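If you want the building blocks of each chain, they are given just below.
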2 protein chains.
Amino acid sequence: MHKYEKIRLELTRRINSQAWPVGASIPHEDELAAEFGVARGTIRQALSSLVDAGYLEKKRRAGTRVAYPKDHASTLRISLVREQVEQGGHTYGYRLLKDSIEDGIRRVLCLHLRDDAPYQLEDREISLSGIPSAAAADFSQISPNEWLLQQQPYSRVQTTLQASAPNRNDRKHLELPRDEPVFLVLRETFLEEVWLTRVRLSHPASSYSVQMERAFD
Amino acid sequence: MHKYEKIRLELTRRINSQAWPVGASIPHEDELAAEFGVARGTIRQALSSLVDAGYLEKKRRAGTRVAYPKDHASTLRISLVREQVEQGGHTYGYRLLKDSIEDGIRRVLCLHLRDDAPYQLEDREISLSGIPSAAAADFSQISPNEWLLQQQPYSRVQTTLQASAPNRNDRKHLELPRDEPVFLVLRETFLEEVWLTRVRLSHPASSYSVQMERAFD
DNA sequence: AAGTGGTCTAGACCACTAG
DNA sequence: TAGTGGTCTAGACCACTTT
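As a convention, each chain's residues are numbered from 1 in the sequence order in which they are written. Chains carry letters from A onward and ligands carry numbers from 1 onward, assigned in written order. Owing to the predicted nature of the model, reporting of local features is limited to residues with pLDDT of at least 70; listing and counting of side-chain atom pairs is limited to 80 or more, with chain, interface and lining totals taken over all residues. As a rule here, side-chain values come from all non-hydrogen atoms in the structure, and water together with hydrogens is ignored.

Take the side chain of His112 of chain A next. Residue and element names in this part refer to chain A. Structurally, the position occupied by His112 is in strand β6 (residues 105-114). Under the scheme applied here, a residue whose accessible area is under 20% of the maximum for its type counts as buried, over 50% as exposed, and between as partly exposed, the area being computed with a 1.4 Å probe on protein chains only. Residue classification places His112 among the buried positions, given a relative accessible area of 0%. Polar contacts here mean pairs of N or O atoms no more than 3.5 Å apart (in protein, one a potential hydrogen donor and the other a potential acceptor; neighbouring residues in sequence count only if both atoms are side-chain atoms). Here Tyr92 takes part through its side chain, which lies 2.7 Å from a polar atom of the side chain of His112. Note on definitions: a residue-residue contact is assigned when non-hydrogen atoms from the two residues lie within 4.5 Å. When near neighbours in sequence (up to four residues on either side) are disregarded, His112 contacts Val81, Tyr92, Gly93, Tyr94, Ala117, Pro118, Tyr119, Gln120, Glu122 and Ser143. For helices the rule is a DSSP run of H or I covering at least 4 residues; for strands it is a run of E covering at least 2, with both sets numbered from the N terminus onward.

Structure representation (structure tokens):
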């Protein structure tokens, strides 16, 4: 275990035990460096992860305080559908439903299956001016989701999570039980302010959830 | 603008322009330091934020590569209900609905209002052994949500996001339009493996969404 | 005005791991 | 096993912001 890890452990102990209660100032970086017998840079490394996690708040001149736990950050990673499914030990399946080009936009509707049951309906729009190679892509075997990841990167991505009543396509393709809503993931990506793609991912509410965890021990 | 910011800008430019295409190795840290005429530490600082955002992947001995954009991280911050409401320029309201103690657990049901309309139903359980002072807390004016933040910190928090059909309490208190589902935030917190509190937050789907953004320009 | 955290340097050695 | 990123040091100066 590295020095900064040991120090971080000791600092979290002081916070959790309320030796340093919420709202209190903690010693300056120089003092901590002297106390632990390390360089200031090492202290800063130990502090930085605690700041990132929302345990501490730093302000110039005012020093470092134990943060009120109100605005903690949770990191969310939404990975490839196929990987989501296969990670759980399930079988992944894919079916292309519709595919058309209109007004310089390629629009694709497809279904991702888990153990042969509908898991995610992907309603995708791709800008052909933003991603010219998308005009010739074959989505009969590979989903747009997966194909796009092999392409150029994006500089901005906006994600919205919502609950919703199913729309017509959802009802048609997701085999929803009666009164079952859908969980929506809406995402739009840009490269330097040029719009690339937009997607609406809908999931049967009972078989989809997003989980996050923040831990520090 | 600091040196590491200028460098980061130039690096993102090379990635976005595909001068360094997805999957390719980029120069070693020492080479970059020489190229930009800075210390290696400064290069590392510039790289670290790009690694955190998922733009780059580092491996010992193998070097640094431009990451496939598949597993990008989005940071989600769910703040105080009251702040969520007031930030949007709305009026916040609060109403306590039920409050009981059973088996060492205090259970509170309360409603958060936005412009006098139901916004979030909070169904909360607090461990009195984990947080003894919760036995005497007055939740008639301050919500458990808000009260808990003034208390001790937690070391682990688990959050789940879900869509769902409303349960009985949701239907009773959220004034849901016909066929409207709810967006659920389920959260549980621990301090060193001691269970502290669990909450079910339900929102009318049409008036609630979670938004995230990852940007790098 | 002064003290805090923020940036930066120029080194050194370590630890992991791909070839 | 050699080369990469990871850790660490002991300094220096800067910039913000509270008092």
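Moving on from the coordinates now.
Membership of the largest hydrophobic core comes to 62 residues, with the highest contact counts inside it found for Leu161 and Phe183 of chain A together with Leu161 and Phe183 of chain B. Excluding residues that lie within four positions of it along the chain, Phe183 of chain B makes contacts with Leu161, Gln162, Ala163 and Phe183 of chain A together with Leu161, Gln162, Leu201, Ser202, His203, Ala205, Tyr208 and Val210 of chain B. Here the nonpolar core consists of buried residues drawn from Ala, Val, Leu, Ile, Met, Phe, Trp, Tyr and Cys, with membership extended through side-chain atoms lying within 4.5 Å.

What surrounds DNA strand D is a group of 20 residues, the closest being Lys3 and Thr42 of chain A together with His28, Arg40 and Arg61 of chain B. Proximity criterion: a residue is near a molecule or strand once any of its heavy atoms comes within 4 Å of it. Backbone atoms, meaning sugar plus phosphate, form 65% of the atoms of DNA strand D positioned within 4 Å of the protein. With respect to DNA strand D, the side chain of His28 of chain B contributes an N or O atom lying 3.1 Å from a phosphate oxygen. Arg61 of chain B places a polar side-chain atom, nitrogen or oxygen, 2.4 Å from a base nitrogen of DNA strand D. At the level of secondary structure, the elements contributing two or more residues to the surface near DNA strand D comprise α1 (3-16) and α3 (40-52) of chain A together with α3 (40-52), β2 (56-59) and β3 (63-66) of chain B. Here the surface near DNA strand D gets 3 residues from one element, more than from any other, and that element is α3 of chain A. When residues are sorted by character, Ala, Val, Leu, Ile, Met, Phe, Trp, Tyr, Cys and Pro go into the nonpolar class, Asp, Glu, Lys and Arg into the charged class, and all the rest, Gly among them, into the polar class. Considering only residue class, the surface near DNA strand D consists of 3 nonpolar, 6 polar and 11 charged.

Here we come to the sheet that holds strand β3 (residues 63-66) of chain A. Two strands qualify as a pair provided that DSSP identifies no fewer than 2 bridges between them. Strand order across the open sheet formed by 3 strands is β1-β3-β2 (chain A), with antiparallel pairing between neighbours. Two strands lie at the open edges of the sheet, namely β1 (25-26) and β2 (56-59) of chain A, each paired on one side alone.

This part takes up the relation of the copies chain A and chain B. Between the two chain copies there is a screw-like relation: a rotation about an axis and a shift along it. When chain A is fitted onto chain B, the two copies agree to an RMSD of 0.1 Å after a turn of 180° and an axial shift of 0.0 Å. Taken together, these values place the two copies in the relation of a two-fold axis. In this assembly the copies share their binding face: 100% of the residues contributing to the interface of chain A also contribute to that of chain B. Copy-to-copy alignment: least squares on C-alpha atoms, limited to residues at pLDDT 70 or above in both.

Listed by partner, the interface residues are 54 residues for chain A and 54 residues for chain B. In this description, buried area is defined as the sum, over both parts, of the accessible area (probe of 1.4 Å) that is lost when the two are combined. Where chain A abuts chain B, roughly 5100 Å² becomes buried across the two surfaces, and 51% of that area is made up of carbon and sulfur atoms. With a shortest N-O distance of 3.5 Å, Arg156 of chain A and Glu213 of chain B are connected by a salt bridge. For the pair chain A and chain B, the interface holds 13 residue pairs in polar contact (both at pLDDT 80 or more). At the level of elements, α1, β4 (73-77), β8 (156-164), β9 (182-191) and β11 (210-215) of chain A are the ones that each hand at least two residues to the side of chain A that touches chain B. Criterion for a salt bridge: a side-chain nitrogen of Lys or Arg within 4 Å of a carboxyl oxygen of Asp or Glu.

Quick look at unusual backbone geometry now. Residue and element names in this part refer to chain B. Here Asp116, not a glycine, exhibits a phi torsion of approximately 70°, which is positive. Looking at the secondary structure, you find Asp116 in the loop between β6 (105-114) and β7 (117-127). For Asp116, a relative accessible area of 69% translates into the label exposed. Positioned with a positive phi, Glu175 is a non-glycine residue whose angle comes to about 50°. When you line up the elements, Glu175 lands in the loop between α6 (168-173) and β9 (182-191).

Surrounding DNA strand C, one finds 22 residues, the nearest of these being His28, Arg40 and Arg61 of chain A together with Lys3 and Thr42 of chain B. When atoms of DNA strand C within 4 Å of the protein are split into backbone and base, the sugar-phosphate part holds 64%. In the environment of DNA strand C, a phosphate oxygen lies 3.3 Å from a nitrogen or oxygen atom belonging to the backbone of Glu29 of chain A. The set of elements that each furnish at least two residues to the surface near DNA strand C consists of α3, β2 and β3 of chain A together with α1 (3-16) and α3 of chain B. Take the surface near DNA strand C: its biggest share by element is 3 residues, from α3 of chain B. Of the residues contributing to the surface near DNA strand C, the split by class is 4 nonpolar, 6 polar and 12 charged.

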